[in-house]
Amino acid sequence: HRLSQPKRPSELPRSRWRRSSARSRRSKPIWPLLNHNQWWRTTASPSLRLSPYPNLMESDSRDDPLTSDEQVRPDRPRFQSRRFTVVVGLTIALVLVAAAWYAGGRQDFNQIGAGGVNLSLLPKIGEPAPDFTTTVIDYQGRPIARLSLSDLRGRPVWINFWGSWCPPCRAEMPEIQAAYEEELKDAGVIWLAVSLDEPAVDAAEFAALNGTTFLITSDPVRADTGAGYPIANFPTHILVDEDGIVRDIVLAAIDKEEIIQKARQILPDQTGS
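Residues numbered from 1 in each chain as written. Predicted model: local features only at pLDDT ≥ 70, side-chain atom pairs only at ≥ 80, totals over all residues. Heavy atoms only, no water.

Caption draft 1: Molecular detail of the environment of V240. By the element assignment, V240 lies in strand β6 (residues 236–240). Look at V240 and you get buried, because its relative accessible area is 2%. Spatially, the C-alpha atom of V240 lies 5.2 Å from that of V157, the residues being 83 residues apart in sequence. Setting aside residues no more than four positions away along its own chain, V240 makes contact with A129, P156, V157, I159, I245 and I266. (Helix = DSSP H or I, 4+ residues; strand = E, 2+ residues; numbered from the N terminus. Buried < 20%, exposed > 50% of the residue type's maximum accessible area, 1.4 Å probe, protein only. Contact = heavy atoms within 4.5 Å.)

Caption draft 2: Examining the pairing of strand β4 (residues 190–196) more closely. Within β4, seven of the seven residues are buried, which leaves the element mostly enclosed by the surrounding structure. Residues I190, L192, V194 and L196 of β4 are buried on one face, and the alternating residues W191, A193 and S195, pointing to the opposite face, are buried as well. Taken together, the six bridges between strand β3 (residues 157–162) and β4 define a ladder with parallel strand orientation. The partner of N160 across the bridge, within β4, is A193. As for the winding sense of the linkage, the β-α-β connection from β3 through helix α5 (residues 167–187) to β4 is right-handed. (Pairing = 2+ DSSP bridges. Right-handed = clockwise from strand over helix to strand, strands pointing away.)

Structural data, given as structure tokens:
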């Protein structure tokens, strides 16, 4: 009878009792005893029940925000929504880049958006043009004389603020030269090209490259023109009639036909028309 009954720990030798107690205290894994669905129902967290078995734990799906109808739509997979968002984002980005590139072709990239600020700071159309004195240079960048705007009173003056570092200014220089030789010079218009923010040598070198025949002046640090003409947009054209009144302002590069057309505003027989 005693052999048929299992011995209690107190009746076992101390060494065997320790091994028996250790085995009894070991936690037995539950997953070998359950099938996969049972293990998923008992141990998986609600956030993990969504994938890869979204149909499990149906009773808890109403309380789980990740498995609600608003968050998961079986008829629209998530990867399709993400792909659509990426395509729309890339399309918008390409449109913005193309628009900026087109604007940069018409205007210096560093000056994009500054036109409105420049126009508000410049002399107003219909008001007297502020006087300034600047340095006329030759093709080597050497100073020839000091010239004031007031010295040209009685003659229509086209003031052109430019720089050889400005792509639109470089593009319009041949157009200016052609318009000046064909129409403006014989009409008595004084073209005054004021170079800003660059050494006189750089301005003279570019003027010589284009064979300019009008006045080239240099104001490298805006010491001569900065007070009356705070230029923020390149190129800037200011048309002054023979009485010293501003008749028009152009904040963009222009071609020969536009130059000839606008010059009629400051000719003696066309003033005020």
